[in-house]
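For reference, the chains in residue letters:
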Amino acid sequence: KVAVLFLDLDRFKLVNDTLGHSFGDLLLKEVAHRLSGAIPVNGIVSRQGGDEFMIILLDVKNRNEVIRAVAKINKAFAKPILIEDHELFIKNSIGISMFPEDGDTAEQLIKNADTAMYHSKEVAGGSYHFYDEKIGKRTIQNVKYENALYRALERDEFTLYYQPQIDYCNNRLFGVEALIRWNHPEEGLVPPDIFIPLAEQTGLIVPIGEWVLREAVFQLEKWHDLGFTDLIMAVNLSAAQFEQGNLHRSVKQVLAETGIRPDHLHLELTENQIMRNTDLAISTMNKLKELGVQLDIDDFGTGYSSLSYLQRFPISTLKIDRTFIRDILHDEDDRALTDTIITMAKNMGLEVIAEGVETVEQADHLVSRNCTLMQGYYFSPPIPARKLESDFLT
Ligand code: C2E
Ligand code: CA
Ligand code: CA
C-alpha cells in the first residue's frame, strides 16, 4: 500500500500577513525541517506551494502504520517554533488517501487527500482524516450547491414567502415577515436553513440579502397600494450583510424608490449578530435608526445578551424565540422566563412579539401575560404573496 498525506498549517496565512513574508519563509523552513526529521524512512516530503506539504509513505502495511506516522509528525510540532522573539504553536490539518483503495492514479490520490484535508480543517483545526466516500460526497454536494447558488440569483430562483404577524386581541394582521425560499430546478423548494449558512460562507449572502430587501419592500408597496397602508414588513438581516459598510445606503435607496414610510420597515437582527462586534453594531444600528427604520431582535433569549444590556441599542421590538413558546404551558422555567422578558421589555418601552405560536392555549396564555402580538403556525405558516392576499388581504 501507499499513503498520500496532505498537510496544511493552520493559521499560516494569518501569521504571514501579520508578521511579514520573511517571517513566513523562516517558519516554513523550520516546518520542513521538522517534517523531514519526523517522517519514517519509507517517506518522502515535498512542498506543494503555499503552506501545504505532501508526504508519501511507500510500502505501508496498514492504516495503523499511517496513524503512527501522523502521531510522530504531531509530536514534532508539540514544541513551539521560535522565530526572533515569537513563540508559535503550529497545528496541522492532515488528509490521507490510500493506494489502491482511494484511487489508482496519482491525480486521484492527491485530489482525495486534499478533500480529506479540507474536511479536517472544517471539523477542527489540527486533526487528521482518512478519505472516505462520505467526505467526498459531502464536499461534492457543497460545491454543487455553491455553483447552483451563484446561478440562482441570475436565474431568479429565489422567492419570498410571508408569514403573518397578528395582533391577537383584535384579530388583526399588522405585519408580515419575509422568509426566503430557493426554488431549486431539480430539488424543489429548499429551506433557508440549508442554503443560508452556505451563502454566508461564500459571501453570496450579501447580494442575496440585498435582493430580499428590495423584493420585500417592493411587495409592501403593492400591498400599501391595495389599501393596507398600515402593514409593516419585517426583513431578516444576515451577519455579513449587517457588518457590510453600505447597508444603510441600500435601505435608504429602496425606501426612496418606493416611498414606503421608514417605520413600516422592520429589520431583524439576532443578539449574536450584535454581540460579535458591539461597536460596529451600535454605529450601524444608529445609521439605520436615523433613516427611521425599526430594529427588531430576533430569536430573543437564545443568545448571550441580556435585556438590560440591550438597552444600549436603538431597538423597538423583541421577538421571543419559539423554543420558549413551545413548552410555555408545561415548563415552569420557560414560562417564568417568558413572563420576565415580557415585563421587562414593556418596562423598557419595547414591543414584544411571540414567535412559534402553534395552539390557541399558547395564544391565550400569552394574552393573559400581556403579550398580544404573535406569529406562528396557529395563525399561518409562511405563504406566497398571492395566498397572503387571498387569505388575509381581502
Ligand atoms: P427565523 O427568522 O426565526 O424565522 C422563523 C422560522 O420559524 C421560519 O422558518 C418559519 O417557517 C418558522 N416558524 C414559523 N412559525 C412557526 C411555528 O409555529 N412553529 C415552528 N416550529 N416553526 C415556525 P424558515 O422560513 O425555514 O426560516 C428559517 C430561518 O432562516 C429564519 O429563522 C431566518 O433565520 C433564516 N432566514 C429566512 N429568510 C431569510 C432571509 O431572507 N435572510 C436571512 N439572512 N435569513 C433568512
Ligand atoms: Ca426572523
Ligand atoms: Ca426567529
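Within any chain, residue numbers begin from 1 and follow the written order of that chain's sequence. Each chain is given a letter, starting from A, and each ligand a number, starting from 1, according to the order in which they appear as written. Only residues with pLDDT of at least 70 are given local features in this predicted model, and only at 80 or more are side-chain atom pairs given and counted; all residues enter the totals for whole chains, interfaces and linings. Calculation of side-chain values draws on the structure's entire complement of heavy atoms; hydrogens and water are dropped beforehand.

### Here we look at the environment of T359
(1) Moving on: In this description a helix means any DSSP run of H or I spanning at least four residues, a strand means any run of E spanning at least two, and both kinds are numbered starting from the N terminus. By the secondary structure assignment, T359 is in the loop between β15 (351-354) and α15 (360-368).
(2) Moving on: Residues T359 and D104, 255 residues apart in the sequence, show an inter-C-alpha distance of 59 Å.

### Overview of the sheet that holds strand β6 (residues 92-99)
(1) Moving on: Pairs of strands are assigned from DSSP output, requiring at least two bridges between the strands. Read from one edge to the other, the open sheet built from 5 strands follows the order β2-β3-β1-β6-β7, with strand pairing classed as mixed. Strands with a single pairing partner mark the edges of an open sheet, and in this sheet they are β2 (43-47) and β7 (128-130). Here the strands of the sheet are splayed against their neighbours by 20° on average, with no regard to which way each runs.
(2) Moving on: Pairing analysis gives 8 bridges linking strand β1 (residues 2-9) to β6, with the strands arranged antiparallel. Residue pairing for β6: F6 is matched across the bridge by G95.
(3) Moving on: On top of the sheet, helix α2 (residues 21-38) reaches β1, β2 and β3 (52-57); it is set at about 10° to β3, its chief contact.
(4) Moving on: Residue contacts follow a heavy-atom distance rule, with two residues in contact if any of their heavy atoms lie within 4.5 Å. Axis angles are defined between N-to-C directions and span 0 to 180 degrees, where every axis is a line fitted to C-alpha atoms and, for a helix, only to the segment in contact. Packed onto the sheet, helix α3 (residues 63-76) meets β1, β3, β6 and β7 and runs at close to 160° relative to β6.

### Quick notes on the coordination of the calcium ion (ligand 2)
(1) Moving on: Here a donor is any nitrogen, oxygen or sulfur atom (N, O, S) within 2.8 Å of the metal, with 3.2 Å used for Na, K and Ca; water is not among the atoms considered, so some sites may look incomplete. Distances from the calcium ion (ligand 2) to its protein donors, E177 (OE), N236 (OD1), E268 (OE) and D298 (OD), fall within 2.1 to 2.3 Å.
(2) Moving on: Of note, the calcium ion (ligand 2) draws all its donor residues from one chain, in the sequence arrangement E-x58-N-x31-E-x29-D.
(3) Moving on: The two metals, the calcium ion (ligand 2) and the calcium ion (ligand 3), are separated by 3.9 Å and share D298 as a common coordinating residue. Here N236, found in strand β11 (residues 232-236), pairs with E268, found in strand β12 (residues 265-270); they are 32 residues apart in sequence, far enough to count as distant.
(4) Moving on: For N236, a relative accessible area of 27% translates into the label partly exposed. Each residue is placed in one exposure class: buried if its accessible area under a 1.4 Å probe, protein chains only, is under 20% of its type's maximum, exposed if it is over 50%, and partly exposed if it falls in between.

### Here's the deal with the pattern of salt bridges
(1) Moving on: Only one rule defines a salt bridge in this text: a Lys or Arg side-chain nitrogen within 4 Å of an Asp or Glu carboxyl oxygen. With the rule as written, the count across this model stands at 12 salt bridges.
(2) Moving on: One salt bridge in this structure joins K1 and E101, with 3.2 Å as the shortest N-O distance. With K1 in the segment before β1 and E101 in the loop between β6 and α4 (106-123), this residue pair connects regions lying 100 residues apart in the sequence.
(3) Moving on: For E101, a relative accessible area of 41% translates into the label partly exposed.
(4) Moving on: Among the charged side chains, a network of salt bridges with common partners joins E177, E268, K319 and E355.

### Topic: the packing of aromatic side chains
(1) Moving on: Only Phe, Tyr and Trp rings are paired, with Trp represented by its six-membered ring, and only when their centres lie within 6.5 Å; those with planes under 30 degrees apart are stacked, over 60 edge-to-face, the remainder tilted. Taken as a whole and assessed by the stated rule, the structure comprises 8 aromatic pairs.
(2) Moving on: Note on F158 and W211: the rings are 6.2 Å apart at their centroids and 45° apart in plane angle, and the pair reads as tilted. With F158 in strand β8 (residues 158-167) and W211 in helix α7 (residues 205-225), this pair connects stretches of sequence that are 53 residues apart.
(3) Moving on: For the ring pair Y162 and W223, a centre distance of 5.0 Å and an interplane angle of 75° mean the geometry is edge-to-face. Note that Y162 is positioned in strand β8 and W223 in helix α7, a separation of 61 residues in sequence. The same class applies to Y162 as to W223, namely buried.
(4) Moving on: The structure contains a cluster of three or more aromatic residues connected by ring pairs, namely F158, W182, F195 and W211.

Remember that the coordinates give geometry; whether it matters functionally is a separate question.
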